[in-house]
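Each chain, letter by letter, is given below.
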Protein chains: 2
Amino acid sequence: MGNNVKITSEFWGRYRNLVRTEMIPFQWNVLNDIAGIKIEKERLNDDGIPSEKSHAIENFKVAAGRTQGTHYGWTFQDSDVYKWLEAVAYSLREKMDPELEKKALEVIDLIADAQEEDGYLDTFYSILGIQYRYQSLAGSHELYCMGHFIEAAVAYYAATGNEKVLTVAKKAADNIDDNFGPEDGKIHGYDGHEEIEIGLLRLFHVTGENRYLKLAKYFLMERGKHPNFFREQAEKYQGPNALNGIEKAADTYFQNHKPILEQDTAEGHAVRVVYMCTALADLAATTGDAEIYGACKKLWDNITSRRMFITGGSGSTFHGESFTLDYDLPNDTMYCETCAAIGLIFFARQMLRIEPKAEYAEVMERTLYNCALAGMALDGKHFFYVNPLEVNPAKSLKDPGKSHVKPVRPSWLGCACCPPNLARMITSLDDYVYTISDDAILINQYIDSESTFEYKDGTVTIKQATGYPWDEKDGVVINNKTKSVVRIGIRIPAWTANATLKIDGKAAEISKEDGYHYVDVTAGGSMEIELTFPMEIKRNYCNPLVSEDIGKVAISRGPFVYCLEGVDNGTEINGLRLPEDSTFEYEYKAGLLNGVGVIKAKGKRVELSTSTELYTNSRPTEENATLTFIPYYAWANRGENEMEVWVRE
Amino acid sequence: MGNNVKITSEFWGRYRNLVRTEMIPFQWNVLNDIAGIKIEKERLNDDGIPSEKSHAIENFKVAAGRTQGTHYGWTFQDSDVYKWLEAVAYSLREKMDPELEKKALEVIDLIADAQEEDGYLDTFYSILGIQYRYQSLAGSHELYCMGHFIEAAVAYYAATGNEKVLTVAKKAADNIDDNFGPEDGKIHGYDGHEEIEIGLLRLFHVTGENRYLKLAKYFLMERGKHPNFFREQAEKYQGPNALNGIEKAADTYFQNHKPILEQDTAEGHAVRVVYMCTALADLAATTGDAEIYGACKKLWDNITSRRMFITGGSGSTFHGESFTLDYDLPNDTMYCETCAAIGLIFFARQMLRIEPKAEYAEVMERTLYNCALAGMALDGKHFFYVNPLEVNPAKSLKDPGKSHVKPVRPSWLGCACCPPNLARMITSLDDYVYTISDDAILINQYIDSESTFEYKDGTVTIKQATGYPWDEKDGVVINNKTKSVVRIGIRIPAWTANATLKIDGKAAEISKEDGYHYVDVTAGGSMEIELTFPMEIKRNYCNPLVSEDIGKVAISRGPFVYCLEGVDNGTEINGLRLPEDSTFEYEYKAGLLNGVGVIKAKGKRVELSTSTELYTNSRPTEENATLTFIPYYAWANRGENEMEVWVRE
C-alpha cells in the first residue's frame, strides 16, 4: 500500500505545522527537562505521582551507562520518547528537516545503547534490576513500551529508510518472542496494557516476518484465559515497585476477565480497550479471520452505540479511566481521555480495512474533529488528558470527584501519554484519509490533499480541493493511470440527508452502499467529482436511556459538535436553555480562535434568585438570552471558564 | 431543665419500639459478633476496610485482660459500643427493661475494667501500645471515642442514676484534662474528629465541674490555630497504624485550616463539621458568648442556605465525605451520610437554646423526617450510610464513582457509625420536641406527647394530640401550674402559608415572630390550642445556582420530601416528567410501607427508542404516564430499584 498523501488543507495544515514547529520541539525540551515548565498533577491530592520532571531521556542515558543516576517517573516513562520519535518520523516523511533528523538519530543511538545485549529494552528494569524483568506485567508496561518503540521504529524506517532503528526493533521483538509464547519454558502471559500487539503487527507488515504476526496473535488470544495471571505474578514479585497496587484492580480493568473472542462489551481502562481492538482488527484484516472480525464488531458496536460520548470520547469514569456500563455517559465526571479518542480512530482505521462501511469513517470523523482535537490547545503547547462535556471551574477546584476535569489545558501532565499521542496522530493524518483495497479506494475523510497511489498495474492520483470542515463544497479529481477500471467509494456524510453530487459536471443520483457512493473511473481516464454536503445546523438528541441527556440537545454542524462557553455566554451557563423553536445564525469568524464558525441562537436564561434561599416554592423565571456556540475542539482557549455541550431544550 | 416528655405518637412510637425491640438487640449481637451477618464493604474495591466482623466487645475484653487477643477494626471501633450504650440509656429512660439494664451494667463493668489506672480509655492503644497514646490524633480517634463514652455515661447516669458510669467518665475526662491544654508540658492539640467537645460539655452540664467546660472551650478555640499539628505528630509517630495516610488529608478535612471563629464556610468531612458546630453552639448557649454564637451562625447559614440537600443531607462528595463548595449539590454522587444528618439535628437543637428562631426547628424537621429517617429500613435492621437523591442500581454496581451509593440498605457496614447514631437519636427524640428557656417554652416539633416540665416556680404540662406527620390538625393543651405567666412559642411551619389557629375554641390571628406565634398562659391557668396546618402538596424549586436541579421540581407534603421509586414507576425513571400544570391526588395508604401518604400525578414519560442508535436528530417523543410519589424516608424498602427526588418539570 503506497502512502503518498500530501495534505494541503488549511485547517489541518495549521495543526500539522504546529506539531512540527511547536509540539515536537516543546516535547523534546520536556523529555530533556529543559522546558522550564511545572508539570501538573492530574488531580487534587495526587501525591506520589511523578510530577517534578519528565526525566525520560535521562532514564535512557542512565540505562545506557552514559551517566550515573536512577530511574525517575512512571514505569512507562520510556513510551513518551518513543511516541515523540514516531511523530518525528511522520513529520520527516512530510517534510525533511536535517536538524530534527539529527535529534532523532541521536535518540535512536541512545535507545540502541540502552538496549540489553539480548534485545530487551526497558530503562526501568535495566536501571533498577534486570533480573526482575517480565515478572510484574500488571503494572510494568515493559511490553507496552517496547510496542511503542516498535511502532516508532517502523514509522521511522518507512519515512527515512533508517535500518538501525528497525534492527533495534527486531531485536526487541525477538527478545519478547524468546520469552513469551505457548512453548514450555516461556511465559504464558501478556502485558497489563495492550500495545505490543499493535507494534508486532506493524513490524510484521514491514518485515513480512511471520513470527511477529504469530506472537501478536498469541498475546491477543491468550488474554483473558488466565484471569489470575497478574495476581500470581504479583504474589511472587520481589523487584522494584512497578505495581502500585494495580494488580488488585478488577480483571476487567485489564480486559482480562474472559478471552477476547468472548468479550461482548468494552470493559475496563478505555485506552487499553481501544488499543486491544486496534490490534485485533489489524489481525482480522491481515488474516481474514471472520471470528476475530466478529469479536471486533461486537466491541465496536458496544462502544459506538452504547458507550461513546457525542464527541467521540469514551471512558465514563475517572476510576480506572474506565468504561462502566451501557448508556452511562455522565457529562461532568467522565474521563474521555484524549488517548482513548485517538485509539478509537486507530480502531476505526483498521475496521475500514476489513469492511467498507462508512460508519467506521463517521466515528473516525466525529472523534477526530471533536474529542481528539480538543486534547490540544490552539497554541500546540497545552493539552487535555480528560475531555469533559461540561465543566464548572469552581467544581474542578473544590470537588475532588471532579478534580480530574481541568478547565484549562495544562502544559504537561505527570502522566504524559496524551500530548505525544496527539503529535503522532496529527502528523500521520494522511494515513486516515483513504482506505485502499483491491476492490476500491475509499474516500473516508474530506481533507484537502494531493495523493498518488501505486495501485494495481499503475498509479491513481486523487486531488481534493474542499471547503471542509467549514464549507459544504468538495471537489475531487481522480486520475486513473492504470490499465484497469478503478472503483472509488465516496463517503456521503451521515450528518446530512441533502448531499448532492455531480460527476464531470453532470448531476448524479446518490446511491449509498454502507454509506459510500461508488463510481468507476475508466482505465486511463479521469473524473471530476463535485460534492455538496449542506452543513445544516443540527439538533442532536441522545438515546433516552442516557439519563444525563434527557431533555437536552447538542448542536452540531458538519463534523463539529458545538458547545457553549462562559466567555461568550456569561457565568452559570447551565441556566441557559435552547427552546425547540429557536432558529440559528451561522457566521464564520476568521479572527476568532484561528477561524471558527460561530452559531448563535435566541434562547432563555434562568434568572438567578435575588434571594439567597436555597429552596422555594416559586418556579424560577426565565429571561431572554442569546446563546453563542463555538466548536467543541476550540473551547478553553480563552481562559478558565464554564463549558457545556448538552443544553437544556 | 427537666426532661419528661413522653412520646405517644404512633408514627414515632413504631420507630422507638423498633429501636428497642430490633435495633438494640441486633446491634448487641453485631457488637458481640453473634449476629450471623456479613458486614458489607462500603464501596467496590474497598480492600483493607475492616469488614469481617465487629469485634467491638471483644476489643474491650482484650483490653480488660479478660481474654487474649489483639485489636480488630477501626481505631474508632469502641464508639460503636458507646453509642449502643447511649441508646440503651434513652431506651431505659423511656421504659425500664431489667434484661437490657443487665447487659448495660455488664458493658459498663467491662468498660471500667478496660480503663487504664490513670483514666485513659481506648482499647486500640491499651491493646497495641499504650506508650503511643495521644501521638497520632489525626487518625487515632481516641478523644472521639472517649467523647462518645462520656455522652453515653451522662445519658446513662441521667436515666438511671448509675454513679459508676459517671465515675468512669470523669476519670477519662480528667485524664484528657491532665494531658491537653495551654499549660506547658501538655499537648497543644485536639482530635482529628470532633466529638470530645460535645461530651465534655454534657459532662459539665451534669456535674457543674468548670474544668470540663474550660477543656471543651480549649479544644474548640485551639483548633485551626496549628494547621501543621497533625502532620507534625504523624512525622514523629512510631506506634501502631492509626493513620492510614489520613494525616495527608487537606487541613480543611479536619476543620483545621483556620481558627474556628474565622471559618466562614463549612469545609471538609461533614460529620466532623456538624459535631464541631454542635459543641460550639452548646458553648455559645452555655456561656452566652456572642462572638462564638456569631461563628455558629456563619456556619449554620453556609450549610443550610448553600450546602444542604432538600432532604437535610449534607456532604457533596464521597471523597473525604466532605462539603465541597456553595451550591454544589449533585444528586447521584453526593454523600449525605446519615450521621451528618443526625449531627445537623444536634446542631439545630443547640442553636434553639441560643435564639428562638424557627428556622432551626425547620431544618431539624426537614432533616429528621427525610435524610435521617431514610438511614434506616422500616424493619429497623438495615441501614444506609449514604442517602442519595437519585439512584440507578446498575450504576451503583458498575460505576466506581457511584459505588458508595447503595440501592438497598445493608444490614451493617464496615464503618458502622450510622446505625447506633440513629438508635441514640430516635430514643432521645423527646429532647428535640421543646426548647425550654426562662423566656418561653418553644414547641419545635409536632409529635404526640405528654410532657411535664419543672418550670419556674411550679410545673407546666403540655399535651400534644396531633395528626402529624400525615394530617393537618394539631391540638395542644397546656396547663400552667406555676404562679407565673408562662409564655409558649408555637412554631408555625414554614411549609404552609395557610395555617390557622384557635385558642380555647376561638379563632386567633397568627402573628409570627421568627417563625413562632407566642401565647401567654396565665398563672395557674390552662389553654387549648387548635392548630390547622394545611398539608398542601408543594412543588419545590432549588436555587438556580444549583446546576443539577435547574428545570427540576421536588415534591413535598408537610414535613416529607417525596420521591419516585422504580417499584411504583417502572424502570428508567429519569425519563419521567411532571409538567407544570399537573395536579396531584393524595391518599394515605395504611397498608403500604407501614402507612404512608401516596401522591399521584399525571405526567409524561419519554418513549424509549426502538432503535439502538445512540445519537439522532429526532427529538424523543413522550407518552402519558402516571407518576407515583412516596415519602423519601420510605424508599428502598421494596427491593432494589431506581429512585429520584428531583424530577424534570
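As a reminder, the structure under discussion sits directly above these lines.
Everything numeric in this text was worked out from a predicted model, so none of it was measured. (Residues numbered from 1 in each chain as written. Chains lettered and ligands numbered in written order. Predicted model: local features only at pLDDT ≥ 70, side-chain atom pairs only at ≥ 80, totals over all residues. Heavy atoms only, no water.)

Asker: So what about the overall build of chain A? Which residues, and what values?
Answerer: Helix and strand counts for chain A come out as 17 helices and 24 strands. The C-alpha radius of gyration computed for chain A amounts to 25 Å, which stays within 12% of the reference 26 Å derived for 649 residues, consistent with globular compactness. Overall, the C-alpha framework of chain A stretches about 75 × 70 × 50 Å when taken along its three principal axes. Split into buried and exposed, the 649 residues of chain A put 62% on the buried side. Look at the contacts in chain A between residues 6 or more apart in sequence, and 71% of them connect residues 24 or more apart. Here chain A displays about 22,200 Å² of accessible surface, and carbon together with sulfur accounts for 46% of that area. One finds the centroid of the 69 positive side-chain charges in chain A at a distance of 2 Å from the centroid of its 96 negative side-chain charges. (Helix = DSSP H or I, 4+ residues; strand = E, 2+ residues; numbered from the N terminus. Rg over C-alpha atoms; globule rule 2.2 N^0.38 Å. Buried < 20%, exposed > 50% of the residue type's maximum accessible area, 1.4 Å probe, protein only. Contact = heavy atoms within 4.5 Å. Areas by Shrake-Rupley, 256 points an atom, 1.4 Å probe, with all protein chains shown as cover. Lys, Arg positive; Asp, Glu negative; His and termini not counted. Charge placed at Lys NZ, Arg CZ, Asp CG, Glu CD.)

Asker: Which residues make up the relation of the copies chain A and chain B, and what are the values?
Answerer: Each copy of the sequence occupies a distinct position, and chain A is placed on chain B by a rotation of 180° and an axial shift of 0.1 Å, giving an RMSD of 0.0 Å. Expressed as a symmetry operation, the mapping of one chain copy onto the other fits a two-fold axis. Proximity to the rotation axis, assessed at the C-alpha, singles out Gly401 of chain A in chain A; its C-alpha lies 3.9 Å from the axis. Mapped onto chain B, 100% of the interface residues of chain A are again interface residues, and the two copies thus contact each other with one and the same surface. (Least-squares fit on C-alpha atoms with pLDDT ≥ 70 in both.)

Asker: Residue-level account of the pattern of salt bridges, with values.
Answerer: Residue and element names in this part refer to chain B. Under the definition given, this model contains 77 salt bridges over all chains. Of the charged contacts, one joins Arg66 and Asp113 as a salt bridge, the two residues approaching to 2.9 Å between their closest N and O atoms. Of this pair, Arg66 sits in the loop between α2 (56–63) and α3 (78–94) while Asp113 sits in helix α4 (residues 98–114), placing them 47 residues apart in sequence. We classify Asp113 as partly exposed; its relative accessible area is 42%. A salt bridge links Arg211 to Asp174, with the shortest nitrogen-to-oxygen separation between them at 3.0 Å. (Salt bridge = Lys/Arg side-chain N within 4 Å of Asp/Glu carboxyl O.)

Asker: Talk me through empty space enclosed by the protein; I want residue IDs and the actual numbers.
Answerer: Scanning all chains against the criterion turns up 6 cavities of 30 Å³ or more. Taken together, 18 residues make up the lining of the largest cavity; nearest its centre are His319, Thr333 and Gly401 of chain A together with Thr333 and Gly401 of chain B. Residues that form the lining of the largest cavity fall into these classes: 2 nonpolar, 12 polar and 4 charged. (1 Å grid on protein atoms, 1.4 Å probe; cavity = no way out; pocket = protein on both sides within 12 Å on 5 of 7 lines; lining within 4 Å. Points joined across faces, edges and corners; volume = space filled by probe spheres on them. Nonpolar A, V, L, I, M, F, W, Y, C, P; charged D, E, K, R; others polar.)

Asker: Please give an account of unusual backbone geometry that cites residues and values.
Answerer: Residues and elements named next belong to chain A. A cis amide bond links Tyr468 with the next residue in sequence, Pro469, at an omega value of -5°. One can find Pro469 in the loop between β8 (458–466) and β9 (473–481). Within the chain, Lys456 stands out as a residue other than glycine whose phi angle is a positive 50°. On the basis of relative accessible area, Lys456 is assigned to the partly exposed category, the value being 48%.

Asker: Lay out the pairing of strand β8 (residues 458–466) of chain B with the relevant residues and their values.
Answerer: Residue and element names in this part refer to chain B. Here 7 bridges tie strand β7 (residues 449–455) to β8, and the two strands are oriented antiparallel to one another. The residue of β8 that forms the bridge with Glu454 is Thr459. In sequence, β7 turns back onto β8 through a hairpin of 2 residues, with Lys456 there showing a positive phi of about 50°. Two strands pair when backbone bridges link them, and β8 and strand β9 (residues 473–481) are joined in this way by 8 bridges, in the antiparallel orientation. Paired with Thr461 across the two strands is Asn479, which belongs to β9. The hairpin formed by β8 and β9 contains 6 residues between the paired strands. (Pairing = 2+ DSSP bridges.)

Asker: Let's hear about the interface of chain A and chain B: which residues, and what values?
Answerer: With 59 residues of chain A at the contact, the number on the chain B side is 59 residues. Between chain A and chain B, a total of about 4,900 Å² is buried, with carbon and sulfur atoms accounting for 55% of that surface. The interface formed by chain A and chain B holds 10 salt bridges in total. Taking the shortest distance from any N to any O, the salt bridge between Asp328 of chain B and Lys395 of chain A comes out at 3.7 Å. Our enumeration of links across chain A and chain B arrives at 24 residue pairs in polar contact (both at pLDDT 80 or more). (Buried area = accessible area lost by both parts, 1.4 Å probe. Polar contact = N/O pair within 3.5 Å; in protein donor to acceptor, adjacent residues only side chain to side chain.)

Asker: Mind laying out the sheet that holds strand β5 (residues 434–436) of chain B, listing which residues take part and the relevant values?
Answerer: Residue and element names in this part refer to chain B. Overall, mixed pairing links the 4 strands, which are arranged β5-β6-β10-β13 in an open sheet. The sheet is open, and its two edges are formed by β5 and β13 (516–521), each paired on a single side. Taken pair by pair, the neighbouring strands of this sheet meet at an average axis angle of 20°, ignoring direction. Contacting β10 (486–491) and β13, helix α14 (residues 358–374) crosses the sheet at an angle of about 50° to β10. (Axes fitted to C-alpha atoms, helices over the stretch in contact; angles between N-to-C directions.)

Asker: Describe the side chain of Glu142 of chain B, listing the residues and the values that go with them.
Answerer: Residue and element names in this part refer to chain B. Relative to the assigned elements, Glu142 resides in helix α6 (residues 142–160). Buried within the structure, Glu142 lacks any salt-bridge partner; its nearest side chain of opposite charge belongs to Arg133, at an N-O separation of 6.4 Å. Polar contacts involving the side chain of Glu142 include one to the side chain of Ser140, which spans 2.6 Å. If sequence neighbours within four positions are ignored, Glu142 has contacts with Tyr120, Asp122, Tyr125, Arg133, Tyr134, Gln135, Leu137 and Asp191.

Asker: Give me the lowdown on the sheet that holds strand β12 (residues 506–508) of chain B, citing residues and values where you can.
Answerer: Residues and elements named next belong to chain B. Overall, antiparallel pairing links the 7 strands, which are arranged β1-β7-β8-β9-β14-β11-β12 in an open sheet. Across the chains shown, the open sheet's two edge strands, defined by having one partner strand only, are β1 (5–7) and β12. Each neighbouring strand pair of the sheet contributes to a mean axis angle of 20°, computed without reference to strand direction. Note that strand β11 (residues 500–503) and strand β14 (residues 526–532) share 4 bridges and pair antiparallel. Residue pairing for β14: Thr500 is matched across the bridge by Thr532.

Asker: Break down the pairing of strand β7 (residues 449–455) of chain A for me, with residues and values.
Answerer: Residues and elements named next belong to chain A. Going residue by residue along β7, you find Ser449, Ser451, Phe453 and Tyr455 tucked away on one face and Glu450, Thr452 and Glu454 left uncovered on the opposite face. Note that strand β1 (residues 5–7) and β7 share 3 bridges and pair antiparallel. Counted as the bridge partner of Val5 is Ser451 from β7.

Asker: Quick one: what's the story with the packing of aromatic side chains, residue by residue and with numbers?
Answerer: All names here are of chain A. In this structure the tally under the stated criterion is 82 aromatic pairs over all chains. Residues Trp300 and Tyr360 carry aromatic rings whose centres are separated by 4.9 Å and whose planes lie at 80° to one another, so their mutual orientation is edge-to-face. Of the two residues, Trp300 sits in helix α12 (residues 290–306) while Tyr360 sits in helix α14 (residues 358–374), which places them 60 residues apart along the sequence. Each member of the pair, Trp300 as well as Tyr360, carries the same accessibility label: buried. (Phe/Tyr/Trp six-rings, centres within 6.5 Å; stacked < 30°, edge-to-face > 60°.)

Asker: Can you break down the packing of helix α1 (residues 10–31) of chain B against α3 of chain B residue by residue, with the values?
Answerer: Residue and element names in this part refer to chain B. At a minimum axis distance of 10 Å, the contact between α1 and α3 shows a crossing angle of 150°. Relative to α3, α1 is oriented roughly antiparallel. Crossing of α1 over α3 shows left-handed handedness. Counted together, Arg16, Arg20, Ile24, Gln27, Trp28 and Leu31 of α1 and Asp80, Val81, Trp84, Ala87, Val88, Ser91 and Glu94 of α3 form the full contact between these two elements. For the contact of α1 with α3, the residue count by class is 7 nonpolar, 2 polar and 4 charged. (Parallel < 35°, antiparallel > 145°, perpendicular 65-115°, else oblique. Left-handed = near helix turned anticlockwise from the far one by under 90°.)

Asker: Quick one: what's the story with the state of the cysteines, residue by residue and with numbers?
Answerer: Chemically, a disulfide is nothing more than a covalent bond linking the sulfur atoms of two cysteines. All names here are of chain A. Overall, the coordinates contain 0 disulfides over all chains when judged by the stated rule. Unpaired in this structure, Cys277 has its nearest cysteine sulfur neighbour in Cys296, at a distance of 6.5 Å. Note on Cys277: relative accessible area 0%, which makes it buried. Free cysteine Cys418: the closest other cysteine sulfur is in Cys339, separated by 3.4 Å. (Disulfide = S-S within 2.5 Å.)

Asker: So what about a negative patch on the surface? Which residues, and what values?
Answerer: All names here are of chain A. A cluster of acidic residues, Asp301, Glu359, Glu513 and Asp514, forms a negative patch at the surface. Mapping Asp514 onto the fold places it in the loop between β12 (506–508) and β13 (516–521). Asp514 gets classed as partly exposed once you look at its relative accessible area, which sits at 46%. (Patch = residues over 30% accessible without salt bridge, like charges linked within 9 Å, V, L, I, M, F, W, Y side chains within 5 Å.)

Asker: Which residues make up helix α16 (residues 418–427) of chain B, and what values go with them?
Answerer: A large share of α16 of chain B lies buried, amounting to 10 of its 10 residues. Elements in contact with the buried residues of α16 of chain B: α1, α3, α6, α11 (270–287), α13 (338–354) and α14 of chain B.

Asker: How would you explain the environment of Glu642 of chain B if you had to name every residue and give the values?
Answerer: All names here are of chain B. For Glu642, the position within the fold is in the loop between β22 (622–631) and β23 (643–644). For Glu642, the contacting residues outside a window of four places in its chain are Val391, Asn392, Pro393, Leu564, Glu565, Gly566, Thr571, Glu572, Ile573 and Asn574. A polar contact of 2.8 Å, which involves the side chain of Glu642, links it to the backbone nitrogen of Glu572.

Asker: Give me the lowdown on the side chain of Glu247 of chain A, citing residues and values where you can.
Answerer: Residues and elements named next belong to chain A. Within the secondary structure, Glu247 is located in the loop between α10 (229–236) and β2 (268–269). Here Glu247 sits buried without a salt bridge, and the closest side chain of opposite charge, Lys248, lies 5.2 Å off (N-O distance). Not counting the four nearest positions on each side in its chain, Glu247 is found in contact with Ala138, Phe230, Arg231 and Ala234.

None of this, on its own, says anything about what the molecule does.
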